[in-house]
Amino acid sequence: MYRKPFNPGFYGDDPRWFIGVVETPSSDDSLGRVRVRVYGLHSNNMQDIDTYDLPLAQVMVPGTEEGTTGLGMNPQLEVGAMVFGFFLDGKSSQLPFVLGSFPRTEIADPAVG
């Protein structure tokens, strides 16, 4: 007999994937959270959504880290890093979770010495 899940809004039932750019690391904790401007969701125009209005994203660490207070390392994502993740709350898109970053090289502006 099939039974419906207890919580049909469970975070894993309707994932919404994203790619975005780290705007700023969080300065209010030591968890390595970041604010990500998500492509196709957040405008590049700061008048539409300011950096500090972007939701804080949790960042996954590798399983080789201890994952408990005082042990292991926290994520070290830098501003400008391109990241991949999903929203824990699906289409509401307010609980971003970063799974990793893409390797990339920033191109220097030839006009700047």
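Residues numbered from 1 in each chain as written. Predicted model: local features only at pLDDT ≥ 70, side-chain atom pairs only at ≥ 80, totals over all residues. Heavy atoms only, no water.

Asks: Can you help me understand the overall build of the protein chain in this one?
Replies: A tally of helices and strands in the protein chain yields 0 helices and 5 strands. Counting the 113 residues in the protein chain, one finds 29% classified as buried. In the protein chain, once contacts between residues fewer than 6 apart in sequence are set aside, the share between residues at least 24 apart is 48%. Surface accessibility of the protein chain: about 8,300 Å² in total, with carbon and sulfur atoms responsible for 56%. (Helix = DSSP H or I, 4+ residues; strand = E, 2+ residues; numbered from the N terminus. Buried < 20%, exposed > 50% of the residue type's maximum accessible area, 1.4 Å probe, protein only. Contact = heavy atoms within 4.5 Å. Areas by Shrake-Rupley, 256 points an atom, 1.4 Å probe, with all protein chains shown as cover.)

Asks: Help me understand the nonpolar core in this model?
Replies: Within soluble globular proteins, side chains that are nonpolar generally end up buried alongside one another. Core analysis: the biggest nonpolar cluster contains 12 residues, these being F18, V22, V34, V36, V38, A57, V59, L77, A81, V83, F87 and V98. Top contributing element to this core by residue count: strand β2 (residues 34-38), with 3 residues. (Core = buried A, V, L, I, M, F, W, Y, C linked by side-chain atoms within 4.5 Å.)

Asks: I tried to follow the sheet that holds strand β4 (residues 82-87) on my own but got confused; where do I start?
Replies: Strand pairing in a sheet is mediated by backbone hydrogen bonds. Such pairs are either parallel or antiparallel. The strand order around the closed barrel formed by 5 strands is β1-β2-β3-β5-β4, and the pairing between neighbours is mixed. The average undirected angle you get between the axes of adjacent strands in this sheet is 55 degrees. Relative to β4, strand β1 (residues 16-25) runs antiparallel, the two being bridged by 6 bridges. Across the sheet, the residue bridging to W17 is F86, located in β4. (Pairing = 2+ DSSP bridges. Axes fitted to C-alpha atoms, helices over the stretch in contact; angles between N-to-C directions.)

Asks: Quick question: what am I supposed to make of unusual backbone geometry here?
Replies: Only a minority of non-glycine residues have a phi that is not negative, and only a minority of peptide bonds are not trans. You will see that S93, though not glycine, has its phi angle at about 55 degrees, which is positive. Relative to the assigned elements, S93 resides in the loop between β4 and β5 (96-101).

Asks: What exactly am I supposed to notice about the packing of aromatic side chains here?
Replies: Working definition: an aromatic ring pair is given by the centre-to-centre distance plus the angle between the planes. Inspection of the entire model under this criterion finds 5 aromatic pairs. Here F84 and F102 contribute two aromatic rings whose centre-to-centre distance is 6.5 Å and whose plane-to-plane angle is 75 degrees, an arrangement assigned as edge-to-face. Here the residue F84 occupies a position in strand β4, and F102 occupies one in the segment after β5, the gap between them amounting to 18 residues. When the centroid spacing of 5.7 Å and the interplanar angle of 50 degrees are considered together, the rings of F86 and F97 count as tilted. Placement of F86 in strand β4 and of F97 in strand β5 is noted, with a sequence separation of 11 residues between them. Note on F86: relative accessible area 15%, which makes it buried. Three or more aromatic residues joined by ring pairs form one cluster here, namely W17, F84, F86, F97 and F102. (Phe/Tyr/Trp six-rings, centres within 6.5 Å; stacked < 30°, edge-to-face > 60°.)

Asks: Even after reading the chapter, I still don't get the environment of D89, so can you show me in this structure?
Replies: Tracing the sequence through the fold places D89 in the loop between β4 and β5. When the C-alpha positions of D89 and R16 are compared, they lie 8.2 Å apart, and in sequence the two are 73 residues distant. A polar contact is formed between the side chain of D89 and the backbone nitrogen of L95, at a distance of 3.2 Å. (Polar contact = N/O pair within 3.5 Å; in protein donor to acceptor, adjacent residues only side chain to side chain.)

Asks: Would you mind showing me how to read the pairing of β1 here?
Replies: On any regular strand, side chains alternate: one points to one face of the sheet, the next to the other face. By the bridge criterion, 5 bridges tie β1 to β2 in an arrangement that is antiparallel. The partner of G20 across the bridge, within β2, is V38.

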